[in-house]
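Summary of structural features
What follows is the residue order along each chain.
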Amino acid sequence: MNITFKDETFRDDYTFSNSEEQIKRFPFPFHEDSYMYSVNMEPHAAVRPGSVFENDFDVDEHYVSEMRDRAKVLDEDPLRCQSLPHMTLAGWDLLELIMTSKAKDYPHWFELHRDGKNWHWINHPLNIEQKFIFGDETTLPYGPLEYITRQTQGDFVLLDQREENLWLEAGMVTTQADWSLDFDIGMNFFEWHAPVPLAHEMGIFQRALKFLLNIQQGTPARRLNWTMTANPLLDTSPENYHKWGKQKLEVTRENVGNKMHLRVELQTFFRLPRSNALVFPIRCYLIKLEELVTIPKWGRRFHRVIRDLPEELATYKGFIDNRPKIVEYLSKYDDGQDTSLGIWPE
Amino acid sequence: MTAGTPKINVTVESVTPLNALITRFTFRESCGKDLPAFSGGAHVVVEMDDHGTKRMNPYSLMSDPNDTKRYSITVRRDDEGRGGSLYMHSHVKAGMEMVISTPVNLFSLDLTAKKHLMIAGGIGITPFMSQIHQLTSTRAHFELHYSVRSDALGAYLQELTQSYPKNLHVYRDDQDEQLKLAELLNGQPVGTHVYVCGPKGMIDWVRETAREADWPDSSVHFEEFTAPKSGNAFEVTLHQSNKTISVDRHQSLLEALEASSVEVPYLCRGGACGQCETNVLECDGNIEHNDHWLTDDQRLSKTKIMPCVSRFAGKKLTIER
């Protein structure tokens, strides 16, 4: 893949935008003209060369700038990365998974040379070179989880499995849709999902937990989730709500196409070999409405989805007040034609 | 979900008899690639072509989880069994090509434990071997209480005595040595987790004693795979596949389903993981429930069967497969 890494910002002057190629590979999450919760899991297998589903960990044109933004968030708030003591082994598992995957999938950008426990990692885009001893924290500048996730797009949550439940006990969380690692750390699967409306009554979480507990080594899974964000902010955290919440009030009928973003999370799940923990990478993709509508099928469908979304969901996802402006904007791109099934552009 | 975990082609590197009943088998990846790392307590399913019958038996990995060059399992010969262990003992030789599954762990260490108290009976030592490797590499606190018939029949007794003299406590039947379980459990520091693997009687004993001493269930872990039992042959009607199949004396219902190309999800093949749970649509007769998964109500209602270990006797059984 031939990519130029963009130099852009996700704060202050918000210079973030998607190239034409990046728009075409955006993980549009709606396979039909309406949306309701479901345990929409599928195997995390490679499909469609060039798509975000091609590799275990997608690296795209925003990589270098996203990593710069993460470093800023961590400077201001080191608690965005935490790991309870028993999760260190899972951190090494994750480091191994990411390094081996990236070196295999993007050999021109990442190199991993292993001689027993002596590892040599080279990250060309970020200009990092590190020799270290696998399993020995003192040979890395950070713990294994923080070290590798400062170099990998997306949030990462490590889930310990015990008592037929999953426990959120380590993570790197700087690009989240309004939830807090510092608040949730130590909670089990049902506790951290407590705020989600409707889904409990539908039995979604029992089924989802059962599925996740049975994910095995070598058979990762994935799903897409979505919300909307005013301005291309990666860090929409509760900790910083006082900074970004009010930006929702800046959306007008005139600027909505540029200011409002569909925010899609590619959520994947891998069983980790040495710790038997699960890792839950949550990769955030942003796209402006005006970029999205350049794909005619997506413009039509997104209009119908947002227009018909149940009120509870629009409230939970945080855009109920801006919904009329969004629907009005999108309606201009919906000519009423049929749309084909599936998420891909026509 | 597809049946089982991804397959790995392996070559038998060595076959090492340890005593009259127990043999160790070591595998390497056939193309020389690394094997996946795993966690202490994990098992693999070993596929065997036993004179036309395909057997898939789960065995605990007992090698060092950090060693990605080779896996080892230890198999006790069961002369009364259906033949899986006999096949391993009499037919598997160094250099042979075999197929195993990617490791699955249904007997995982609780890494929040302050201390790991392990109780092994006989061949039940195997999952603890890999767990001890894991705990040693992270300098965790553990104690192993190992019951054997005699020194001669205690697999890995010498190795364990040499490597972990302070952690190991051995109880020999032929010396009338007995584990004083209630006392042992009573003296444990807060935050201790107990793990047991061995004969069913031993597992029940440890669970009962721990319960009587008010240990929380979440601190008591056990590995309870049952090898499928032989029994009388029987017929089963498959509603979805629209056919009737026979299950031979030395075959499990799961194996019979697989032999007729009906794919059923599984992980443990020993009645513990719940993956192969199957709805019963019609039952004129009795289901021999040999699993550890279904509730008593589910058994009495005759609406569910675990094809990996359970059998049927009677006029008609129809299942949703």
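Residues numbered from 1 in each chain as written. Chains lettered and ligands numbered in written order. Predicted model: local features only at pLDDT ≥ 70, side-chain atom pairs only at ≥ 80, totals over all residues. Heavy atoms only, no water.

Quick notes on the overall build of chain A
Summing up its helical and strand segments, chain A has 13 helices and 10 strands in all. Its C-alpha atoms give chain A principal-axis dimensions of roughly 60 × 45 × 40 Å. Out of the 346 residues in chain A, the part that is buried amounts to 60%. Of the contacts made within chain A by residues no fewer than 6 positions apart, 71% connect residues no fewer than 24 positions apart. Of the roughly 14500 Å² of accessible surface on chain A, 52% is carried by carbon and sulfur atoms. Side chains of chain A give 39 positive and 54 negative charges; the mean places of these two sets differ by 2 Å. (Helix = DSSP H or I, 4+ residues; strand = E, 2+ residues; numbered from the N terminus. Buried < 20%, exposed > 50% of the residue type's maximum accessible area, 1.4 Å probe, protein only. Contact = heavy atoms within 4.5 Å. Areas by Shrake-Rupley, 256 points an atom, 1.4 Å probe, with all protein chains shown as cover. Lys, Arg positive; Asp, Glu negative; His and termini not counted. Charge placed at Lys NZ, Arg CZ, Asp CG, Glu CD.)

So, the environment of A:Phe211
Tracing the backbone shows A:Phe211 in helix α7 (residues 204-213). On a C-alpha basis, the gap between A:Phe211 and A:Ala221 in space is 9.7 Å, while along the polypeptide they are 10 residues apart.

Some remarks on the sheet that holds strand β14 (residues 278-288) of chain B
Residues and elements named next belong to chain B. Ordered in space as β13-β12-β16-β14-β15, the five strands form an open sheet in which the pairing is mixed. Bordering the open sheet on either side are β13 (243-247) and β15 (304-305), each of which pairs with just one other strand. Where strand β12 (residues 234-238) lies against β13, five bridges are found, and the strand directions are antiparallel. Residue leucine 238 lies in a different strand from β13, and its bridge partner there is lysine 243. (Pairing = 2+ DSSP bridges.)

Let's talk about the nonpolar core
All names here are of chain A. Grouped together as the largest cluster of nonpolar side chains are 63 residues, with contacts concentrated most on Trp226 and Phe302. Considering each element in turn, this core owes the most residues, six residues, to α7. Grouped together as the second largest cluster of nonpolar side chains are 37 residues, Val59, Cys81, Leu95 and Leu145 included. (Core = buried A, V, L, I, M, F, W, Y, C linked by side-chain atoms within 4.5 Å.)

Details of the pairing of strand β9 (residues 260-271) of chain A
Residues and elements named next belong to chain A. Counted residue by residue, β9 has 12 buried out of 12 residues, so it is predominantly covered. Judged by which residues are buried, β9 turns out to be covered on both faces: Met260, Leu262, Val264, Leu266, Thr268 and Phe270 on one side and His261, Arg263, Glu265, Gln267, Phe269 and Arg271 on the other are all buried. Of the pairings in the sheet, the one linking strand β8 (residues 221-230) to β9 comprises 10 bridges and is antiparallel in character. Of the residues in β9, the one forming a bridge with leucine 224 is leucine 266. As judged from the nine bridges shared by β9 and strand β10 (residues 278-288), these two strands associate in the antiparallel manner. Each bridged residue has a counterpart across the sheet, and for leucine 262 the counterpart in β10 is isoleucine 287.

Things to note about the pattern of salt bridges
By the definition in use, this model includes 42 salt bridges over all chains. One salt bridge connects A:Glu146 with A:Arg150, and the closest N-O pair in it is separated by 2.9 Å. For the pair A:Glu146 and A:Arg150, a shared accessibility class is recorded, and that class is buried. In this structure, the salt-bridge partner of B:Lys304 is B:Glu277, at a minimum N-O distance of 3.2 Å. Of this pair, B:Lys304 sits in strand β15 while B:Glu277 sits in the loop between α6 (253-259) and β14; the two residues are 27 residues apart in sequence, bridging distant segments of the chain. Overlapping salt bridges bring together A:Arg11, A:Asp69, A:Glu76 and A:Lys243 as one network. (Salt bridge = Lys/Arg side-chain N within 4 Å of Asp/Glu carboxyl O.)

A look at unusual backbone geometry
Residue and element names in this part refer to chain B. You will see that histidine 51, though not glycine, has its phi angle at about 50 degrees, which is positive. Position of histidine 51 relative to the elements: it lies in the loop between β3 (43-50) and β4 (53-60). With relative accessibility at 63%, the residue histidine 51 sits in the exposed group. Despite not being glycine, asparagine 242 shows a phi value in the positive range, around 60 degrees. Position of asparagine 242 among the secondary structure elements: in the loop between β12 and β13. A relative accessible area of 69% places asparagine 242 in the exposed class.

A short note on the sheet that holds strand β7 (residues 115-121) of chain B
Residues and elements named next belong to chain B. The strand order across the open sheet built from five strands is β9-β8-β7-β10-β11, with neighbouring strands paired in parallel fashion. Unpaired on one side and paired on the other, β9 (168-172) and β11 (220-223) mark the two borders of the sheet. Taken pair by pair, the neighbouring strands of this sheet meet at an average axis angle of 15 degrees, ignoring direction. Of the strand pairs in this sheet, β7 and strand β10 (residues 192-197) are connected by six bridges, and their pairing is parallel. (Axes fitted to C-alpha atoms, helices over the stretch in contact; angles between N-to-C directions.)

As for the interface of chain A and chain B
Taken residue by residue, the interface counts 15 residues in chain A and 20 residues in chain B. Across the chain A to chain B interface the summed buried area is about 1600 Å²; carbon plus sulfur atoms make up 55%. Three residues stand out in chain A for area buried against chain B, namely A:Gln216, A:Gln217 and A:Arg274, and they jointly supply 34% of the buried area on that side. If you look at where chain A meets chain B, you find zero salt bridges. Put simply, chain A and chain B have five residue pairs in polar contact (both at pLDDT 80 or more) between them. Here the residues of the side of chain A that touches chain B sort into three nonpolar, eight polar and four charged. (Buried area = accessible area lost by both parts, 1.4 Å probe. Polar contact = N/O pair within 3.5 Å; in protein donor to acceptor, adjacent residues only side chain to side chain. Nonpolar A, V, L, I, M, F, W, Y, C, P; charged D, E, K, R; others polar.)

Things to note about the packing of aromatic side chains
As enumerated under the stated definition, the model contains 35 aromatic pairs over all chains in all. Taking the centre distance of 5.3 Å and the plane angle of 75 degrees together, the rings of A:Phe189 and A:Trp192 count as edge-to-face. Taken together, the residues A:Phe189 and A:Trp192, both in helix α6 (residues 189-192) and three residues apart, mark about one turn of the helix. On the accessibility criterion, A:Phe189 (3% relative accessible area) is buried. Relative accessible area serves as the criterion here: at 13%, A:Trp192 is assigned to the buried category. Here the basic side chain of A:Lys317 rests over the ring of A:Trp226, its NZ or CZ set 4.6 Å away from the ring centre. The ring centre of B:Tyr266 lies 4.4 Å from the NZ or CZ of B:Arg269, which sits over that ring. (Phe/Tyr/Trp six-rings, centres within 6.5 Å; stacked < 30°, edge-to-face > 60°. Lys NZ or Arg CZ within 6 Å of the ring centre and 35° of its normal.)

Details of the pairing of strand β6 (residues 155-162) of chain A
All names here are of chain A. Across the eight residues that make up β6, a large majority, seven, are buried. Here five bridges tie β6 to β10, and the two strands are oriented antiparallel to one another. Bridge pairing in β10 links leucine 158 to valine 279. The loop that links β6 with its antiparallel partner strand β7 (residues 165-172) comprises two residues; one of these, glutamate 163, has a positive phi angle of about 50 degrees.

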